[in-house]
Amino acid sequence: MRVEQIKIIMRTITLYFLLLSIALLSQNMNAQEEQFQKKIEILQNLKDDVVEQEKEALKFEIEKINKRLRNEDITDEEAKNQKENAAKKRALNIENSIAIIDNKIALLERNEGETFILSDSEEYDDGMFKIDINGERVLSFNSNDWKKDVKYDRRTYVDPVIAIGLNNAIIDGQSLDDSPYQLGGSRFFELGWAWRTRVFKNSNAVRFSYGLSFQFNGLKMKDNQYFVVEDGQTTLQDFEFDLRKSKFRMDNLVFPIHFEIGPSRFIETDEKIRYSIRNKFRFGIGGYGGFNIGARQKLKYTREGENVKDKLKRGYNTSSFVYGLSAYMGFDGIQLYAKYDLNPIFKDAVVEQRNVSLGVRFDLD
């Protein structure tokens, strides 16, 4: 009797489970049908949205063309041609977009919604790329997030600037042939950013270039000498051991300003105008001013059989403020570059020295 009761209970549980499964399956099928119909409805409504968006975009483009016409930037004939091209483009956009939506609807109807398709939820927007698999979101991103507003006329550009070359010092009463610094071993390096602004409204022949740079000016001493500060004077003296290397470096933060001249290529589209100086000659002349942010000396020598390396970071009585003249010329982003400090390297020096550099400059546009 007990076994029979257990069997009856098990059959009852099984029956209820089957009935519940059938009910849930039926409900899920109804939900899928509703979701399928909703997708179709959204896509149908999307056609109207596409037409409306393209009309608004065309209206905006026409307003821009009319504004340029009023400013006499273009002629009546050019304005007419640009309006016709804009209208053709928007009409093709509508035609292609609606064709894509119709194909999507046909794909859904043919496969009853069970297919690998782009998302067609209410969040569908121009620029949004989404992939759903059977209703589950697997990938989405908005390409508009990566787009920047296109400025019609950019008058200012910014480029990283790198310069490298030979360094030395002009000493009162001496020539470079008599310099106590090695020509090949004394080098400079410069790293910064330069903004370039067109001076005239409708011409790019003259540009105003300005920015900031870190300058590292190095001097490599000859004849086993190094710098010593005594009684407020910085002078070269003989070192007590044989020097394998004796280098001095000044680090500056400066703000260069140049007037730049040179030809450019004029580029005009429906969205923008640009003045390109790629593969063009350019010449800049100006100067710089700034601050000395550090000085250091590096000595390498052998003492009692041991290799010694001294790095001495001190003021060395260098000028706190730096300023000078500079110029460059070349093609595209590569120019011959020269600069000359008008301030003396060391303050209150009996014999003044001024830093001079010659090298190559790279505008990394």
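Residues numbered from 1 in each chain as written. Predicted model: local features only at pLDDT ≥ 70, side-chain atom pairs only at ≥ 80, totals over all residues. Heavy atoms only, no water.

Student: Before we move on, can you summarise the overall build of the chain with the specific residues and values?
Tutor: On a plain count of helices and strands, the chain comes out with two helices and 16 strands. Here the chain holds 365 residues, and the buried ones make up 34% of them. For the chain, the proportion of contacts with a sequence separation of at least 24, taken over those separated by at least 6, is 65%. Just so you have it, the chain exposes about 23100 Å², and 56% of that area is on carbon and sulfur atoms. (Helix = DSSP H or I, 4+ residues; strand = E, 2+ residues; numbered from the N terminus. Buried < 20%, exposed > 50% of the residue type's maximum accessible area, 1.4 Å probe, protein only. Contact = heavy atoms within 4.5 Å. Areas by Shrake-Rupley, 256 points an atom, 1.4 Å probe, with all protein chains shown as cover.)

Student: Explain the packing of aromatic side chains to me, and be specific about the residues and the numbers.
Tutor: Applying the stated criterion across every chain yields a total of 17 aromatic pairs. Taken together, a centroid distance of 5.9 Å and an interplanar angle of 45° make the contact between F248 and F346 tilted. Within this pair, whereas F248 is found in strand β9 (residues 243-261), its partner F346 is found in the loop between β15 (334-341) and β16 (353-363), the two being separated by 98 residues in sequence. Comparing F248 with F346 shows no difference in burial state: the two are buried. An aromatic cluster is built from Y181, F227, F248, Y316 and F346, whose rings are joined through pairwise contacts. In this arrangement the basic side chain of R361 is found over the ring face of Y328, its NZ or CZ atom lying 4.0 Å from the centre. (Phe/Tyr/Trp six-rings, centres within 6.5 Å; stacked < 30°, edge-to-face > 60°. Lys NZ or Arg CZ within 6 Å of the ring centre and 35° of its normal.)

Student: Could you give an account of the nonpolar core, with specific residues and numbers?
Tutor: Counting residues in each nonpolar core, the largest one holds 13 residues, and the members touching the most others are Y181, F227, F248, Y316, I345 and F346. For this core, the secondary-structure elements that each account for two or more residues are β4 (156-171) and β9. In contact with Y181, other than residues within four places in its own chain, are N168, A169, I171, S186, L219, K220, M221, K222, F227, L236 and Q353. (Core = buried A, V, L, I, M, F, W, Y, C linked by side-chain atoms within 4.5 Å.)

Student: Help me get a handle on the pattern of salt bridges, residues and values and all.
Tutor: Inspection of the entire model under this criterion finds 13 salt bridges. Between R249 and D251 there is a salt bridge whose closest N-O contact spans 2.8 Å. The exposure class assigned to R249 is partly exposed, which follows from its relative accessible area of 32%. For R282, the salt bridge is made with D363, and the minimal N-O distance between the two is 2.9 Å. Taken as a pair, R282 in strand β12 (residues 281-303) and D363 in strand β16 lie far apart in primary sequence, 81 residues in all. On the basis of relative accessibility, which here comes to 6%, the residue D363 falls in the buried class. (Salt bridge = Lys/Arg side-chain N within 4 Å of Asp/Glu carboxyl O.)

Student: Describe in detail a nonpolar patch on the surface, supporting the description with residues and values.
Tutor: Judged by side-chain polarity, V158, W193, W195, F214, F255, F291, I293 and F321 come together as a nonpolar surface patch covering roughly 770 Å² of accessible area. For the nonpolar patch, the secondary-structure elements that each account for two or more residues are β5 (187-200) and β12. With respect to the secondary-structure elements, F214 resides in strand β6 (residues 203-220). (Patch = residues over 30% accessible without salt bridge, like charges linked within 9 Å, V, L, I, M, F, W, Y side chains within 5 Å.)

Student: So, the pairing of β6: which residues are in play, and what are the values?
Tutor: The side chains of a regular strand alternate, first on one face of the sheet and then on the other. Bridge count for β5 against β6 is 12 bridges, and the pairing is antiparallel. Each bridged residue has a counterpart across the sheet, and for W193 the counterpart in β6 is L212. Connecting β5 to the antiparallel partner β6 that follows it, the hairpin turn spans two residues. As defined by bridge partners, β6 adjoins β9 across 13 bridges and the pair is classed as antiparallel. Within the sheet, the bridge partner assigned to Q215 lies in β9 and is N252. (Pairing = 2+ DSSP bridges.)

Student: An account of the confidence of the model for the chain is needed here, citing residue identities and associated values.
Tutor: Model confidence for the chain is summarised by a mean pLDDT of 81, while 79% of its residues fall at 70 or above. The spread of mean pLDDT over the elements of the chain runs between strand β1 (residues 116-118), the lowest at 43, and β15, the highest at 96. The model gives residues 115-126 a pLDDT under 50, and that stretch makes 37 contacts with residues more than four places away or in other chains. (pLDDT = per-residue confidence, 0-100.)

Student: A description of the side chain of R207 should follow, citing residues and the corresponding values.
Tutor: Locating R207 in the fold gives a position in strand β6. For R207, the side chain forms a polar contact with the main-chain oxygen of N204, separated by 2.8 Å. Separated by 2.7 Å, the side chain of R207 and the backbone oxygen of G262 make a polar contact. Those residues in contact with R207 that lie beyond four places of it in its chain are R196, T197, R198, V199, H258, F259, E260, I261, G262, P263, I277 and R282. (Polar contact = N/O pair within 3.5 Å; in protein donor to acceptor, adjacent residues only side chain to side chain.)

Student: Describe the pairing of strand β8 (residues 233-238), and please don't skip the residues or the numbers.
Tutor: Bridge count for strand β7 (residues 225-230) against β8 is six bridges, and the pairing is antiparallel. Across the sheet, V229 pairs through a bridge with T234, a residue of β8. A loop of two residues connects β7 with β8, the two strands running antiparallel in sequence, and D231 in this loop sits at a positive phi of about 55°.

Student: Account for unusual backbone geometry, naming residues and giving values.
Tutor: Positioned with a positive phi, Y316 is a non-glycine residue whose angle comes to about 55°. Examined against the element boundaries, Y316 turns out to sit in the loop between β13 (306-313) and β14 (321-331). Looking at Y316, the relative accessible area reads 4%, which means it is buried. One non-glycine residue with positive phi stands out, namely N317, at about 60°. Take N317: it is sitting in the loop between β13 and β14.

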